[in-house]
Structure formats: structure tokens, C-alpha cells
Amino acid sequence: MTETPTQGITSVLVANRGEIARRVFATCRDMGLATVAVYSDPDADAPHVSAADVAVALPGSTSAETYLRGDAIIAAAQRSGADAIHPGYGFLSENAEFAQAVIDAGLTWIGPPPAAIDAMGSKLNAKKLMADAGVPVLGDIDPAAVTETDLPLLIKASAGGGGRGMRIVRSLDELADQVAAAEREAASAFGDPTVFCEPYVERGHHIEVQVMADRHGEVWAVGERECSIQRRHQKVIEEAPAPLVERIGGDLRERLYDAARRAVSAIDYTGAGTVEFLADESGRFYFLETNTRLQVEHPVTELTTGTDLVAWQLRVAMGEHLDVAEPSTSGHSIEVRLYAENPAAGWQPQSGTMHRIDVDAATHFGPLDRPGVRVDAGIESGSEISTFYDPMLAKVISWAPTRERAAAMLARTLSDATLHGPVTNRDMLVNTLREQTFRSGRTDTGYLDEIGLDVLSAPLADDATVTLAAVAATMAEVAANRLGARVQRTLPAGWRNMASQYAQKTFLADDDIDHVVRYQCGRGKSVELPDVADTEVVTVGTEQVVLCHRGIRRTFDVARYGDDVYVDTAGASVHFRRPPRFVDPSAVARPGSLLAPMPGSVIRVAVTEGDSVTAGQPLIWLEAMKMEHTVSAPADGVVSMLAVEPGQQLAVGDVLAVIAEDDAAVSDAHTDTETPQEASA
């Protein structure tokens with residue numbers, strides 16, 4: 001084989017955003033390389049912008065206007081003096097035309113050859129190539145040729161990944177609508193609406209092998225991962241090594257490695273990539289796809305092998321040889337994806353200001369030399385969670401000698417994390433890490449449905465903790481109100497020589513239950529709590545309160561942001577809202593109103609005013625954070641008012657429509673002078 005000359009790189013532009021941009025910048029700094037960020041209008045103040053040496057604006061808000069504009073990104077590299085482009089994951093990372101355009105512009109592409117990307121870019125083509133290379137595959141089915149005997153089946157986007165465009169179909173009646181929805185989502189995410197179908201394996205295991213290949217013919221299989229726990233076909237928890245492979249043993253690992261090596265060798269691959277397989281409980285496995293990029297879950301492989309995969313991407317792009325020996329693995333690593341979403345409400349994405357985020361970690365974006373936790377975060381305290389992009393806030397990754405210890409460390413770190421802002425999936429992640437089936441390592445793609453979101457999404461704070469948190473919030477507010485007020489210079493704030501009358505404060509929890517705290521300040525600094533038995537107020541401050549409940553002391557940290565109050569204690573966090581003193585009548589939605597459950601845009605409306613609807617009937621489709629969401633009728637009735645149209649931008653709580661109980665309500669609605677805007681004010 002002809003030797004490929006070494007190609008120098010001095011400055012790297014990352015054609016991406018969020019945590020992956022920061023991750024690549026961290027390695028570039030370690031290697032002495034300059035860095036360039038790009039950013040959209042909503043990302044102007046994002047942490048990845050300040051993490052780079054210089055940054056270039058991509059005017060616009062949506063992905064199509066910014067991070068999917070290959071010409072604008074190449075122009076940004078040329079203007080900033082970058083001589084290489086790293087695509088991260090998502091966006092243009094698996095776009096062969098973009099890769100070729102980077103090369104044609106005289107820049108170094110930090111990724112596989114465009115031909116390899118193109119070969120794997122169509123999942124239909126990839127399956128044929130893999131079958132020819134001797135890799136076991138699942139057959140694919142033309143959506144137009146599906147019959148009852150093919151069910152259940154999985155619709156997949158040919159050009160993409162990350163769960164976009166995926167739909168499970170169990171009935172022929174729903175096939176057409178699901179194909180259309182998958183095509184819309186695929187077109188929005190990848191610019192290609194092509195979809196196909198394959199047999200759906202109900203309780204499979206998602207196993208993937210990390211590969212790294214150089215330009216000299218050397219191919220590494222750098223360990224395997226299991227990513228079976230998924231929501232909406234997107235991974236939530238990933239770990240290495242794979243529990244299924246560890247449990248079955250034998251030659252399964254080597255057979256997976258051999259299939260992965262053959263898969264990438266068949267397309268003359270170079271750089272980092274992942275070959276994904278679907279395995280059953282017996283260890284039979286089938287090729288799913290090859291991701292021609294770095295994976296979101298690459299940190300678990302880095303921690304168990306001690307290998308900086310981004311550094312090897314850069315070194316391979318510069319023409320270096322891989323070492324002779326593949327990296328060996330040690331210990332166990334688990335990664336969770338911390339999302340701004342509400343699992344208990346159908347995984348609704350959330351947006352808004354993350355007032356504070358603090359996750360205790362031994363390192364950020366880097367290796368661990370002893371058991372601990374790593375955090376790769378795309379945001380910081382004060383960051384705004386936008387509706388335009390994926391709702392992932394951070395990846396939190398543990399590494400320990402055993403799987404049990406890795407899970408315990410990760411659960412404790414998450415439960416103690418400070419997260420003040422939009423609702424997150426934190427409680428679900430902690431409950432999962434502590435759940436017995438998960439701890440046994442016997443999870444598959446049906447895990448979340450099997451255990452149930454009602455169990456996994458249960459709040460970490462039990463009723464007693466919520467009550468004590470309300471007491472702490474009350475005491476901190478009392479202290480804040482009295483701050484600086486002194487009877488005499490030697491007496492502290494809040495001191496009394498006579499008992500006061502009972503006072504009370506009310507806090508509204510996320511479940512919309514009022515928590516009323518009655519208290520009476522006695523002599524000195526004593527406080528009586530008539531409704532909370534066996535509880536003593538030990539110390540009070542504006543930001544910290546110590547309570548002794550049934551002989552056990554607990555410390556509560558209290559933070560206030562306007563009417564939002566967050567109370568953190570060991571292992572749990574509680575969010576309250578101060579109820580308004582006066583309710584604006586215009587803010588009360590009309591009975592039967594359907595409200596926007598999330599910010600986003602309307603992409604389809606299936607009804608008009610006067611239509612009769614039945615409970616559960618899909619009415620309106622919204623797009624938020626790169627995913628499609630359906631709003632259905634809550635009950636039988638008639639659409640008495642329709643307040644939205646396709647293309648309209650929405651905020652949480654905006655009125656979408658009003659469903660009346662009978663036809664008479666339709667005429668009543670048309671005589672009502674209240675406008676949709678007033679109804680949603």
C-alpha cells in the first residue's frame with residue numbers, strides 16, 4: 001500500500017454546537033491546535049462560542065438557515081483561517097456532499113472519505129453492501145408493498161439517525177399516516193424524505209462496536225457498547241462493555257468485532273465510526289447501520305479504554321498510523337443523557353432559562369485516572385434552552401471497576417445535582433439506575449414500557465421531603481423579608497420577646513398541589529409549626545435552612561428566581577411556584593381549550609371549526625426541538641374554535657383549539673367577542 005503523507009493541521013473549525021463542539025475544542029487545546037466556532041442567532045451567547053479562540057456568526061435561527069448551510073460553514077473556515085473542519089455529530093456530519101466540498105475547498109475533512117459516507121448514507125444501500133460482505137442483516141420492505149404478515153414493522157429514515165423519522169407500525173390502517181409523518185420528520189432533520197421499512201424486533205438489544213481506521217489499512221474495534229434503553233428510538237442510557245455480551249460470553253464479542261471490521265473494510269473506511277447491530281437474547285445479531293461519525297455515547301468507550309477518540313480522529317486525518325495493538329478495556333462506564341424534557345408528560349421538550357446547573361464531576365470532557373464522574377455539558381448556568389435544537393443539556397458519565405458501582409456513583413451524582421430551570425428527565429434517570437431490572441443488566445429496547453414511566457418518572461422527593469421543603473422555603477422567605485431589620489444592634493433579625501400570631505405562606509408544587517405552611521414565631525428565634533409534627537427549625541438563612549424532623553437533621557438550600565423557588569436537599573430537589581395574589585381573568589382559558597404543551601411551530605392541522613372529533617383523535621401536529629409531536633382530542637366533542645394554522649409559532653400554553661361538548665356550543669363560540677389572542681393572553 002502506498003504511504004499517505006502526513007498532513008498538518010493548525011486550526012480546526014467545528015461545524016456544530018453544544019457539548020460536542022466543546023468536547024472537540026478540549027482535545028484541540030490539548031494538542032496545541034487553534035479553534036473556531038460557528039453559531040446561529042439563538043446560540044450567540046452559548047458556551048461553545050466562548051470556548052473557541054474565535055467564532056463566526058451564521059445568521060438565522062433554524063438548522064436549515066445555519067448549521068445545515070455547508071457553503072456558509074466553509075466560508076467561515078476560510079475567513080477565520082481554519083485549515084480543517086470537524087463536523088461533530090448530527091447536522092452535516094454524515095453528508096457526503098459537504099465532506100467533498102470541504103476537501104474541494106482545500107481544507108482537511110476530519111472524517112471518513114465522502115465515498116464511504118455515501119455508501120452508508122442510504123441505509124438501503126448499506127444493507128446490500130453489508131450482506132455482500134458477509135455481515136448478517138435484516139431484510140427491508142418497500143412501504144408500498146407491506147402486507148399484514150409483515151407486521152409489526154419499523155419505518156426508518158434512509159438518510160438519518162437519532163430516532164428521527166422512526167415509527168413503529170402494528171396495523172395496516174395506520175401505515176399511510178405513519179409513513180407520511182416519518183417522511184416529514186426525515187425531510188426536516190436531514191433534507192431527505194426517503195424512508196423504508198424493516199421487521200420490528202420487539203425486545204431486542206442495541207449493541208454497537210466503536211471502530212477506528214487509518215489510511216494505511218489498519219482497523220481497530222475499540223470495544224462495544226449497549227444502548228438498549230431508548231425513548232422515541234433515541235438512546236437515553238449507554239454503557240460499556242455491553243451487559244448482554246458480558247452475560248452470554250463465549251465468542252460473541254469477537255464475532256461482533258469481526259463483523260464490524262468487515263463492515264468498514266468493505267467501504268475503505270477511515271477515522272472514527274460505529275457499526276450498530278440489533279441482537280436478541282440468544283446472541284444472534286443483525287446489522288442496523290454504520291454511523292460514519294463520532295457517536296454521542298463515545299465517552300463510555302473513552303473511559304473504559306483510556307483512548308481519546310477525538311485525538312485519534314485528528315491524528316488519522318493528519319495521516320498518522322494507528323498503534324499496532326487495539327486498546328484493551330478496563331472497568332465499566334455508564335452514560336446518561338440529561339434532557340430538558342418531561343418524561344411523565346409524553347416526553348414533552350422544555351425550554352427557557354437554566355438559572356443554575358451544577359453537576360459535581362471529577363472532569364469535564366476528559367479522561368479519568370480513577371473511578372469518578374465526567375460531565376460533557378452544552379450549557380452553563382444562565383444559558384437559554386432554545387426551541388430550535390435538540391433538548392439535551394449534558395451527558396453525565398461514570399467509570400468504576402464494576403457496573404454496580406458505576407450505576408450507584410452516577411445515580412448519586414445526578415440526585416445531588418443542582419438543576420434550576422426547565423423540567424428535566426433527571427428523576428427518571430436516577431430511578432432507572434436504581435431499578436432492580438436495570439441493576440441486573442437484563443434490559444432491552446422494551447425496558448421503559450415494561451417498567452412503566454409512572455414508576456420511573458416518580459419524583460425523587462417523597463411527600464415528607466416536599467412538606468419539609470415547603471417549610472424551608474417559608475423560613476428562608478421569612479428571613480429574606482426580615483433581612484437587616486434589628487430591634488437592637490445586639491439582637492438578630494426575627495428575634496421576638498413575645499409570640500406572634502399564626503402566619504402562613506403558600507407554595508404551588510409541579511403537581512399543582514398547594515402546600516400551605518402555617519408558622520408562629522415564638523420567644524427568641526423559636527418557630528412553631530402546628531401542622532408539621534416532630535419538626536424543629538434549627539437554623540434559618542435566606543439561602544439555607546436546617547430542620548430537625550423526628551430526630552434527624554437535614555439541610556435545605558433555597559434559591560429564588562422571581563416566583564420560582566427551588567429547594568435542594570441530599571438526594572432530592574423540589575420546585576415550587578409562588579401563586580399570584582390576584583388572577584387576571586384574561587389568563588384563564590375557556591373550558592375545553594387545548595393548550596400548546598410545548599413551544600414550537602404548527603406543521604399540520606387536521607380539523608376545521610365545526611368538525612366532530614372523538615377522544616384520542618389526532619388534531620394538530622407540532623414540531624419542537626427537531627421532533628414531531630401530536631396533539632389529540634381529550635374527549636368527544638365539536639371543534640368550536642380553531643386558533644392556529646400551519647407555520648404558526650407557539651409558546652407554552654397558547655390556545656390551539658376549543659373542543660365543545662355539543663353542536664350548540666359552536667354557535668355560542670361565534671357570538672363570543674373574545675379573540676384567540678385574548679384567550680391565550
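Residue positions are given per chain, counted from 1 along the sequence in the order it is written. In keeping with the predicted nature of the model, local features appear solely for residues at pLDDT of at least 70, side-chain atom pairs appear and are counted solely at 80 or more, and the whole-chain, interface and lining totals rest on all residues. With hydrogens and water stripped out, all remaining heavy atoms of the structure feed into the side-chain values.

What follows covers the packing of aromatic side chains. Stacked, tilted and edge-to-face are the three classes applied to pairs of Phe, Tyr and Trp rings, where Trp contributes its six-membered ring and a pair requires centres within 6.5 Å; stacked means planes under 30 degrees apart, edge-to-face means over 60, and tilted covers the rest. Tallying each qualifying case throughout the model produces eight aromatic pairs. Here the aromatic rings of phenylalanine 388 and tyrosine 389 are separated by 6.2 Å at their centres, their planes lie at 50°, and the arrangement is tilted. Burial classes follow relative accessibility: with a 1.4 Å probe on protein chains only, a residue under 20% of its type's maximum area counts as buried, one over 50% as exposed, and anything between as partly exposed. By relative accessible area, tyrosine 389 is classed as buried at 1%. On the basis of an interplanar angle of 45° and a centroid distance of 5.6 Å, the ring pair of phenylalanine 507 and phenylalanine 576 is categorised as tilted. Taken as a pair, phenylalanine 507 in strand E24 (residues 503-509) and phenylalanine 576 in strand E31 (residues 572-577) lie far apart in primary sequence, 69 residues in all. One exposure class covers both phenylalanine 507 and phenylalanine 576, and it is buried. The helix count covers DSSP runs of H or I at least four residues long, the strand count covers runs of E at least two residues long, and both are numbered beginning at the N terminus.

Okay, the environment of arginine 560 next. Within the element layout of this structure, arginine 560 appears in strand E29 (residues 552-561). Taking the relative accessible area as the measure of exposure, arginine 560 reaches 33% and is therefore partly exposed. The term polar contact refers here to a pair of N or O atoms within 3.5 Å; inside protein, the definition further demands a hydrogen-donor-capable atom paired with an acceptor-capable atom, and it admits residues adjacent in sequence only when both atoms are side-chain atoms. Reaching out from arginine 560, the side chain makes a polar contact with the backbone oxygen of threonine 542 at a distance of 3.1 Å.

Quick look at the sheet that holds strand E5 (residues 108-109) now. Here, a strand pair is defined by DSSP locating no fewer than two bridges between the strands. Spatially, five strands are ordered E3-E2-E1-E4-E5 in an open sheet, and the strand pairing comes out parallel. In this open sheet, the two edge strands, each paired with only one partner strand, are strand E3 (54-57) and E5. In terms of strand pairing, strand E1 (residues 11-14) meets strand E2 (residues 34-39) through four bridges, oriented parallel. Bridging across to E2, valine 14 finds its partner in alanine 37.

With that settled, the discussion passes to the domain arrangement of the chain. Put simply, an interface is often sized by how much accessible area is lost when its parts join up. Partitioning the chain into domains gives domain 1 (11-110), domain 2 (146-199), domain 3 (205-434 + 447-457), domain 4 (463-577) and domain 5 (593-660). Throughout the structure description, domain borders are defined by an automatic or database domain assignment. Computed from C-alpha coordinates alone, the two centres of domain 3 and domain 5 are separated by 35 Å. Residue contacts follow a heavy-atom distance rule, with two residues in contact if any of their heavy atoms lie within 4.5 Å. Listed as interface residues are 13 residues of domain 3 and, on the opposing side, nine residues of domain 5. Buried area counts how much accessible surface, traced with a 1.4 Å probe, disappears from two parts once they are put together, with both parts' losses summed. When domain 3 packs against domain 5, close to 940 Å² is buried across both sides, 65% of that on carbon and sulfur atoms. By salt bridge we mean one thing: a side-chain nitrogen of Lys or Arg within 4 Å of a carboxyl oxygen of Asp or Glu. Our count for the domain 3 to domain 5 interface comes out at zero salt bridges.

With respect to the element layout, glycine 217 can be found in the loop between strand E9 (205-213) and strand E10 (219-231). Relative accessible area serves as the criterion here: at 53%, glycine 217 is assigned to the exposed category. A C-alpha to C-alpha distance of 8.2 Å links glycine 217 and serine 265, two positions 48 residues apart in sequence.

For helix H11 (residues 309-317), a buried count of eight out of nine residues is recorded, marking the element as mostly surrounded by other parts of the structure. The set of residues buried in H11 consists of Leu309, Val310, Ala311, Trp312, Gln313, Leu314, Val316 and Ala317. With a side-chain oxygen positioned 3.1 Å from the backbone nitrogen of valine 310, the residue opening H11 is aspartate 308. Downstream of H11 by a residue or two, glycine 319 has a phi angle that is positive, lying close to 95°.

Moving on, we come to the side chain of serine 415. Relative to the helices and strands, serine 415 is located in helix H12 (residues 403-415). Judged by relative accessible area, serine 415 falls into the buried class, the value being 2%. Of the polar contacts made by the side chain of serine 415, one reaches the backbone oxygen of arginine 412; its length is 3.0 Å. Once residues within four sequence positions are removed from consideration, serine 415 is found in contact with Arg426, Val430, Arg434, Leu460, Gly571 and Ala572.

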